[in-house]
Structure formats: structure tokens, C-alpha cells
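Residues per chain, in single letters:
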Amino acid sequence: MNALAVATTTSTGEAFQFWILGTVAVIGALSTVLLKRAVHSALSLAGTMIVLAVFYLANGAYFLGIVQIVVYTGAIMMLFLFVVMLVGVTAADSLKETLKGQRWLALGCSLGFGILLIAGIGNASLSTFNGLGAANTAHGGNVEGLANLIFTKYVFAFEITGALLITATVGAMVLTHRERTERAKTQREMSEERVRGKHLPPLPAPGVYARHNAVDIPGLLPDGTPSELTVMQTLRQRGQIRDVSQQSLADLKALEQRSGERLGREDADAVARGADPASPAENSEAAK
């Protein structure tokens with residue numbers, strides 16, 4: 001009776017953990033939907049996934065908890081977060097509705113899913129709680145018991161899922177493959193073109209010295225002029241390149257003036273106006 005009471009009752013620590021982490025998970029889920037910036041939504045979803053992993057570990061599902069952290073939170077969500085930060089999706093871009101009626105459709109789907117979830121929770125039986133203790137000890141542990149189910153009872157579903165994932169991977173490679181229309185240049189040819197051209201060092205990445213690191217903003221060269229070679233040719237043909245060169249040049253000029261004033265350079269104004277700075281001999285005479 002004591003073992004049955006322990007298996008079917010909740011301790012104070014478990015209740016405290018559930019109410020604290022459950023509140024954090026609900027707040028993270030609501031923030032994922034309600035926040036306007038995609039980066040903040042992704043971070044909120046990552047926090048909710050970590051809380052779910054803690055719940056899995058507390059209930060004895062060790063393999064599922066580790067997979068939740070390593071695969072979903074550590075790999076998939078972080079990859080999505082890095083892509084969002086690289087592309088530079090802002091709140092103004094996310095508010096543009098590309099498909100008519102998609103918000104009402106999403107609202108209807110969310111309402112239907114909420115009704116099904118409430119109905120499922122209402123019909124759930126909470127009188128007894130078996131837990132995973134018996135299932136884990138039947139085959140020597142949680143990982144062993146899960147492997148026994150996957151490779152015996154659900155082996156066909158596991159193989160079909162693997163085949164679908166492989167098919168999706170091959171399809172993504174086929175759809176993104178692009179046939180080369182010209183011969184690939186050798187390293188010697190690229191080095192000769194670079195030496196003969198104007199840009200000896202590597203070109204800056206898109207968005208360098210700009211407002212943010214978006215791929216549709218050309219990088220600025222050391223002299224402050226934008227480099228059209230740093231953006232994709234597809235974006236250039238579509239006219240989707242954002243021009244911030246004037247603002248960037250103005251900011252650089254103001255920064256140069258402030259640095260010259262702080263360092264006490266007398267030729268800072270001349271450099272800002274585009275004139276030739278004073279020679280070293282003139283600077284030495286002025287210092288004397």
C-alpha cells in the first residue's frame with residue numbers, strides 16, 4: 001500500500017516544480033504567439049521546449065527529455081533562430097499578409113484545436129497514475145524499453161517515418177539544385193581577377209556597417225561606398241535591395257568628425273570635407 005500510495009500521489013517538490021515551470025511554459029507559449037518580432041518568439045518557444053524537457057525528465061522519460069533539449073531546442077530551434085537573425089525579418093515584414101484570409105483560417109484552426117484539447121483533458125482519467133517506473137524496469141531502463149517498442153511493435157511505423165524523412169531530404173536537394181551554366185573558375189583564375197580588379201581583400205558581408213545584418217543591404221567598402229557585389233544577383237534583379245548608403249555615409253562622416261575632435265586633430269574638418277589632410281611636416285610644425 002505504501003508503494004501504491006507513493007506511485008499515485010504527488011510530493012510537495014513535484015507540485016512546486018509543476019506550478020512554477022508550468023507557469024513559465026504557458027508564458028513562453030503565449031509570448032511565442034503574441035510577440036511581434038520573430039527572434040523574440042523563437043526564444044520564447046525555446047524556453048517552453050526546455051521546460052517540457054524538464055517535465056519529461058521528472059516523469060522518468062529520460063530519452064525523450066534529452067532528445068527534446070539536444071534535437072529540438074539545441075538544433076532545430078537554434079537553426080531557425082540563426083536563419084531569422086541572418087535574414088533580418090522585422091515586425092514590418094511579418095505584418096504583411098501574403099495570403100488573403102490566412103489570419104481567420106489560423107484563428108479557426110486554433111479554436112478547433114483548443115476545443116479538442118479541452119475535450120481530451122476533460123475526458124482524461126486522473127484517478128490512477130502508473131508512471132513510467134514499471135515500463136522502465138521491464139527492459140532494464142527507459143532507453144531499452146523505448147528501443148524494444150520501436151523495433152518490435154512499431155517497427156513498420158518507424159521505417160515508414162525514416163523513408164519519409166529521406167524522401168523529404170532528397171526532394172529538398174533536388175528542388176534547390178541549380179545546373180551550372182558556365183565552367184567553374186579555378187583558384188588561379190579567381191586570384192588573377194582579384195589582383196587585376198579593384199578589390200584585393202575579401203568583400204564585406206551583406207549588411208556590414210549598415211543598420212543591421214540583412215542580406216538585402218549591400219556592404220560598405222572602407223571608403224563608405226556600397227559594394228553591389230555583396231548582394232545576390234536575384235535580389236538586385238528583383239529590385240529588393242534596400243539603400244542606406246546616404247545615411248551610412250552621413251553617420252561615418254559624423255563619427256570621423258567626433259573622433260577627430262576628441263583626438264585633437266586639426267585636419268579632421270578637412271578630411272570630413274574631402275580635402276587633403278595636412279602633411280606630416282605641417283603637423284609637426286603645428287605641434288611645435
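This structure is a prediction, so every number in the text was calculated from the model and none was measured. (Residues numbered from 1 in each chain as written. Predicted model: local features only at pLDDT ≥ 70, side-chain atom pairs only at ≥ 80, totals over all residues. Heavy atoms only, no water.)

A.B. asks: With reference to specific residues and values, describe the overall build of the protein.
C.D. replies: Counting its regular elements, the protein contains 14 helices and two strands. Counting every position in the protein, which comprises 288 residues, the buried fraction comes to 16%. Summed over all atoms, the accessible surface of the protein reaches about 22400 Å², with 65% contributed by carbon and sulfur. (Helix = DSSP H or I, 4+ residues; strand = E, 2+ residues; numbered from the N terminus. Buried < 20%, exposed > 50% of the residue type's maximum accessible area, 1.4 Å probe, protein only. Areas by Shrake-Rupley, 256 points an atom, 1.4 Å probe, with all protein chains shown as cover.)

A.B. asks: Describe a nonpolar patch on the surface, listing the residues and the values that go with them.
C.D. replies: A contiguous nonpolar patch, built from Leu-57, Tyr-62, Ile-66, Ile-69, Val-70, Val-71, Tyr-72 and Ile-76 and spanning about 690 Å² of accessible area, is present on the exposed surface. The dominant element in the nonpolar patch, judged by the number of residues it contributes, is helix α4 (residues 62-87), at seven residues. Locating Ile-76 in the fold gives a position in helix α4. A residue is classified by how much of its surface remains accessible, and Ile-76, at 47% relative accessible area, is partly exposed. (Patch = residues over 30% accessible without salt bridge, like charges linked within 9 Å, V, L, I, M, F, W, Y side chains within 5 Å. Salt bridge = Lys/Arg side-chain N within 4 Å of Asp/Glu carboxyl O.)

A.B. asks: Help me get a handle on the confidence of the model for the protein, residues and values and all.
C.D. replies: Looking at the protein as a whole, its pLDDT mean stands at 75, while 71% of the residues score no less than 70. Averaged pLDDT values over the elements of the protein bottom out at 43 in helix α14 (residues 280-287) and peak at 90 in helix α9 (residues 155-176). Note that pLDDT drops below 50 for residues 268-272; the model gives that stretch seven contacts with residues more than four away or on any other chain. Counting interchain partners and residues more than four positions distant, the pLDDT-below-50 stretch residues 274-288 has seven contacts. (pLDDT = per-residue confidence, 0-100. Contact = heavy atoms within 4.5 Å.)

A.B. asks: Lay out the packing of helix α2 (residues 12-34) against helix α3 (residues 38-58) with the relevant residues and their values.
C.D. replies: Working note: a packed helix pair is described by the angle between its axes plus the distance between those axes. The interhelical angle for the contact between α2 and α3, taken along N-to-C directions, is 150°, at an axis separation of 8 Å. On the basis of their axis angle, the class for α2 and α3 is roughly antiparallel. The hand of the α2/α3 crossing is left-handed. Facing Gln-17, Phe-18, Leu-21, Gly-22, Val-24, Ala-25, Gly-28, Ala-29, Ser-31 and Thr-32 of α2, the residues of α3 in contact are Ser-41, Ser-44, Leu-45, Thr-48, Val-51, Val-54, Phe-55 and Ala-58. For the contact of α2 with α3, the residue count by class is ten nonpolar, eight polar and no charged. (Axes fitted to C-alpha atoms, helices over the stretch in contact; angles between N-to-C directions. Parallel < 35°, antiparallel > 145°, perpendicular 65-115°, else oblique. Left-handed = near helix turned anticlockwise from the far one by under 90°. Nonpolar A, V, L, I, M, F, W, Y, C, P; charged D, E, K, R; others polar.)

A.B. asks: Can you lay out the packing of aromatic side chains for me, pointing to particular residues and giving the numbers?
C.D. replies: This model, assessed by the stated rule, comprises three aromatic pairs. Summarising the aromatic geometry, the rings of Phe-18 and Trp-19 are spaced 5.4 Å apart at their centres and angled 75° between planes, so their arrangement reads as edge-to-face. A relative accessible area of 45% places Phe-18 in the partly exposed class. Here Trp-19 falls in the exposed class, since its relative accessible area comes to 60%. Considering the side-chain rings of Phe-151 and Phe-158, the 5.5 Å spacing of their centres and the 70° angle between planes classify their relative orientation as edge-to-face. (Phe/Tyr/Trp six-rings, centres within 6.5 Å; stacked < 30°, edge-to-face > 60°.)

A.B. asks: Account for the environment of Phe-55, with residues named and values stated.
C.D. replies: Structurally, Phe-55 can be placed in helix α3. For the pair Phe-55 and Leu-21, spaced 34 residues apart in the sequence, the C-alpha separation amounts to 8.5 Å. Leaving out residues up to four positions away in the same chain, Phe-55 has contacts with Gln-17, Phe-18, Leu-21 and Gly-22.

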